[in-house]
There are 2 protein chains.
Amino acid sequence: MNTEDPQAAGLAALAGLIADRTRAACLLALLDGRAWTAGELARRAGVAASTLSEHLGKLVAGGLLTEERQGRHRYVRLADARVAQVVEDLAAQVPAAVVRRPPRSLREASAGAAMARGRTCYDHLAGRLGIVLTDALTRRGLLRQDTGFALTDAGVEWFGAAGVPLDLGGRRPLARACLDWTERRPHLAGAAGAALCRRALEAGWCVRVGSGRAVAVTPSGERVFSDLLGVSRDDLR
Amino acid sequence: MNTEDPQAAGLAALAGLIADRTRAACLLALLDGRAWTAGELARRAGVAASTLSEHLGKLVAGGLLTEERQGRHRYVRLADARVAQVVEDLAAQVPAAVVRRPPRSLREASAGAAMARGRTCYDHLAGRLGIVLTDALTRRGLLRQDTGFALTDAGVEWFGAAGVPLDLGGRRPLARACLDWTERRPHLAGAAGAALCRRALEAGWCVRVGSGRAVAVTPSGERVFSDLLGVSRDDLR
DNA sequence: GTGACGCTTCGGCGGCGGCCGAAGTGCCAC
DNA sequence: GTGGCACTTCGGCCGCCGCCGAAGCGTCAC
């Protein structure tokens, strides 16, 4: 390369951090928005602890992850919402045919079904649950998807009325579309999506299922979503 | 890797296509939305024609590029707007400090200045020009950026009145934020951004400068943007 | 036809990077 | 202290991949 191009080099370096099967598996696992220990990730990815340690070093050095040492554990999480967005966006581009794979076992099948029903996607809700809520917001004129992706004034009010505080002054966009990779349609992300998810977990509208990203709606959540958004219970199961 | 994960493998493979300096340089060059020949890209990237041929093969096989053979030339372009978006988004994440580099020559400096003033970003307008237009749309209540990123009803009307036809039924979102890597702020992308750019070039409001992506506003364009959006001529120079 | 040109294929080279196991470091429990 | 555990560092192995030049193929100009 006679004429070195710093932008191309930077782009290649960034993509290179993701362009490894093991690191990609880590990033996807970390998309649940929580902190994992190095050991958990190593088991998940199926590589030796030493191998994973090196990968984490690269991801942290590259700014994709932040780490937090606690005793003999190294906790690691996605650095910020922008990193999560990049990983999501890229993951959403991989052809559906590649991702869809018949489950190997009953256990895997039911875990997959739970994820498809509802899960967190970094800091917001995804899966059928995410889509149902996003569609309900749209149907009620609270979110507009026809000319872009933004809350309406009524939508901002609705969040206030629902007891979901919105950070209006923040640098992060309030509403953003995130392509759902099970539903293949956009769901609500951004500050509003994060606030809704946080509130739903705090208030017990939803609970985490098992150890992973899967999320289920509680009876109280069904009532709330029905009252606030007219979502039928059948759509949430 | 004991438990193979098709999603991680797919993500890594996709990122791997971008994770090479030469291929990254090609993708960035192709972000101008036009078709390039293999030879042009080889010269641009500074590698042998044979090397570049192999890279193009991978990018085409991976679905990032489409090719069109004409005589002894192989024309290649980004496969679609989604690919452009992925490349843009990823490129926008590389730290500004890496990209900003003092120009080597007067020629390079003036080319850089022209690009910063105005350029195409795949199929829409970027650089100061893109930002000025996006801000003007926002100031006039035609585009809303405070609660997301979407055209208002008045905005949809404005496009009609300005003689810029919008495809309302299309699958592609009408308005989308694209992070400008010279201005570090979002400018208008999506179907509306593409329509505006197409109309501006057709109607002679803007013209391509030199051989590349740079775009300049013509006197007639200054008049139009002033009339339609209240943009001062000084902001366009 | 003849030569020039654009691109592709192939062989070979070199370097990078992912992987592991072994050894080492720090932390915790007992 | 003593052992166990989580993680890291190191050395070495292996395979992949980007690079080139040479040769080949099709197209275009004359």
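Model, not experiment: these values are computed from the prediction.

It is worth spelling out the side chain of histidine 124 of chain A at this point. Residues and elements named next belong to chain A. Relative to the helices and strands, histidine 124 is located in strand β5 (residues 124-126). Within polar-contact distance, the side chain of histidine 124 engages the side chain of aspartate 123 at 3.2 Å. For histidine 124, the side chain forms a polar contact with the side chain of histidine 187, separated by 3.2 Å. Once residues within four sequence positions are removed from consideration, histidine 124 is found in contact with Glu88, Arg119, Cys178, His187, Leu188, Ala189, Gly193, Ala194 and Cys197.

What follows is about the relation of the copies chain A and chain B. Expressed as a screw operation, the relation of chain A to chain B combines 0.0 Å of axial shift with a rotation of 180°, fitting to an RMSD of 0.1 Å. The transformation relating the two chain copies, once decomposed into turn and shift, fits a two-fold axis. The residues that chain A uses at the interface reappear at the interface of chain B in 100% of cases, marking a shared surface.

Let's shift gears to the domain arrangement of chain A. All names here are of chain A. According to the domain assignment, chain A contains domain 1 (6-79) and domain 2 (106-236). The distance between the C-alpha centroids of domain 1 and domain 2 comes to 27 Å. The partner domain 2 presents seven residues to the six residues of domain 1 that form the contact. Of the roughly 570 Å² buried between domain 1 and domain 2 on both sides combined, carbon and sulfur atoms contribute 49%. Broken down residue by residue, the surface that domain 1 buries against domain 2 is led by Leu31, Asp32 and Arg34, which jointly contribute 72%. Counting every contact that joins domain 1 to domain 2 gives zero salt bridges. Along the contact surface separating domain 1 from domain 2 lie one residue pair in polar contact (both at pLDDT 80 or more). Considering only residue class, the side of domain 1 that touches domain 2 consists of three nonpolar, one polar and two charged.

Before going further, it helps to examine helix α2 (residues 21-30) of chain A. For α2 of chain A, a buried count of nine out of 10 residues is recorded, marking the element as mostly surrounded by other parts of the structure. For α2 of chain A, every residue scored as buried is listed here: Thr22, Arg23, Ala24, Ala25, Cys26, Leu27, Leu28, Ala29 and Leu30 of chain A.

For the rest of this paragraph, the subject is the nonpolar core. In this structure, Leu41 and Leu78 of chain A together with Leu41 and Leu78 of chain B are the most contacted members of the largest nonpolar core, which totals 68 residues. What leucine 78 of chain A contacts, discounting residues up to four positions off in sequence, is Leu27, Leu30, Leu31, Leu64, Leu65, Thr66, Val83, Ala84 and Tyr122 of chain A.

Right, let's get into the protein's contact with DNA strand C. Every one of the 23 residues lining DNA strand C counts as a neighbour, but Thr51, His55 and Lys58 of chain A together with Ser53 and Arg74 of chain B are closest to it. With respect to DNA strand C, the side chain of arginine 74 of chain B contributes an N or O atom lying 2.7 Å from a phosphate oxygen. By residue number, the principal contributor to the surface near DNA strand C is helix α4 (residues 49-61) of chain A, which donates five residues. In terms of residue class, the surface near DNA strand C is built from four nonpolar, 10 polar and nine charged.

Another aspect to go through is the protein's contact with DNA strand D. Taken together, 23 residues lie around DNA strand D, and Ser53, Arg72 and Arg74 of chain A together with His55 and Lys58 of chain B are the ones closest in. Considering DNA strand D, the proportion of its atoms within 4 Å of the protein that are sugar or phosphate atoms stands at 68%. The separation between a phosphate oxygen of DNA strand D and a polar main-chain atom of alanine 48 of chain B is 3.0 Å. Here a phosphate oxygen of DNA strand D sits 2.8 Å away from a polar atom, N or O, in the side chain of threonine 51 of chain B. Sorting the residues of the surface near DNA strand D by element identifies α3 (38-45), α4 and β3 (73-78) of chain A together with α2 (21-30) and α4 (49-61) of chain B as the ones contributing at least two each. A per-element tally of the surface near DNA strand D places α4 of chain B first, with five residues. The residue makeup of the surface near DNA strand D, split by class, is four nonpolar, 10 polar and nine charged.

Here the focus is the pairing of strand β9 (residues 186-189) of chain B. Residue and element names in this part refer to chain B. Pairing analysis gives four bridges linking strand β8 (residues 176-179) to β9, with the strands arranged antiparallel. Counted as the bridge partner of cysteine 178 is histidine 187 from β9. The turn linking β8 back onto β9 is made up of six residues, and arginine 184 within it adopts a positive phi angle of 60°.

What follows concerns the interface of chain A and chain B. With 52 residues of chain A in contact, the opposing surface of chain B contributes 52 residues. The junction of chain A with chain B conceals about 4,700 Å² of combined surface from both sides, 63% of it contributed by carbon and sulfur atoms. Our count for the contact surface shared by chain A and chain B stands at two salt bridges. For the salt bridge of aspartate 153 of chain B with arginine 144 of chain A, the shortest nitrogen-to-oxygen distance reads 2.8 Å. Joining chain A to chain B, the criterion identifies seven residue pairs in polar contact (both at pLDDT 80 or more). Those elements that provide at least two residues to the side of chain A that touches chain B are α1 (6-18), α2, α3, α5 (81-93), α6 (96-99), β7 (148-151) and α9 (153-161) of chain A. Sort the elements by how many residues they give to the side of chain A that touches chain B and α1 of chain A lands first, with 11 residues. Pairing geometry for β7 of chain A and strand β7 (residues 148-151) of chain B, over three bridges, is antiparallel. Bridge pairing links glycine 148 of chain A to alanine 150 of chain B in β7 of chain B.

All right, on to the sheet that holds strand β2 (residues 65-70) of chain B then. Residue and element names in this part refer to chain B. One open sheet accounts for three strands, arranged β1-β3-β2; its pairing is antiparallel. Strands with a single pairing partner mark the edges of an open sheet, and in this sheet they are β1 (36-37) and β2. Summarising the sheet, β2 and strand β3 (residues 73-78) pair through six bridges and their orientation is antiparallel. Among the inter-strand pairings, threonine 66 is bridged to a residue of β3, identified as arginine 77. Packed onto the sheet, α4 meets β2 and β3 and runs at close to 45° relative to β3.

How two aromatic rings sit relative to each other is given by the distance of their centres and the angle of their planes. Under the criterion given, the structure shown has four aromatic pairs over all chains. A ring pair is formed by tryptophan 205 of chain A and phenylalanine 225 of chain A, whose centres lie 5.8 Å apart and whose planes are at 80°; its orientation type is edge-to-face. Remark: phenylalanine 225 of chain A occurs in helix α11 (residues 219-229) and tryptophan 205 of chain A occurs in the loop between α10 (190-202) and β10 (206-208); sequence separation between them is 20 residues. With respect to class, tryptophan 205 of chain A is no different from phenylalanine 225 of chain A; both count as buried. Centre to centre, the rings of tryptophan 158 of chain B and phenylalanine 159 of chain B are 5.0 Å apart; their planes meet at 80°, and the pair counts as edge-to-face. Taking relative accessible area as the criterion, tryptophan 158 of chain B reaches 12% and is therefore assigned buried. Residue classification places phenylalanine 159 of chain B among the buried positions, given a relative accessible area of 0%. The side chain of arginine 119 of chain A reaches across the aromatic face of tryptophan 181 of chain A, ending 4.6 Å from its centre.

Each value, and the rule that gives it
Residues numbered from 1 in each chain as written. Chains lettered and ligands numbered in written order. Predicted model: local features only at pLDDT ≥ 70, side-chain atom pairs only at ≥ 80, totals over all residues. Heavy atoms only, no water. Helix = DSSP H or I, 4+ residues; strand = E, 2+ residues; numbered from the N terminus. Polar contact = N/O pair within 3.5 Å; in protein donor to acceptor, adjacent residues only side chain to side chain. Contact = heavy atoms within 4.5 Å. Least-squares fit on C-alpha atoms with pLDDT ≥ 70 in both. Domains from an automatic or database assignment. Buried area = accessible area lost by both parts, 1.4 Å probe. Salt bridge = Lys/Arg side-chain N within 4 Å of Asp/Glu carboxyl O. Nonpolar A, V, L, I, M, F, W, Y, C, P; charged D, E, K, R; others polar. Buried < 20%, exposed > 50% of the residue type's maximum accessible area, 1.4 Å probe, protein only. Core = buried A, V, L, I, M, F, W, Y, C linked by side-chain atoms within 4.5 Å. Near = heavy atom within 4 Å. Pairing = 2+ DSSP bridges. Axes fitted to C-alpha atoms, helices over the stretch in contact; angles between N-to-C directions. Phe/Tyr/Trp six-rings, centres within 6.5 Å; stacked < 30°, edge-to-face > 60°. Lys NZ or Arg CZ within 6 Å of the ring centre and 35° of its normal.

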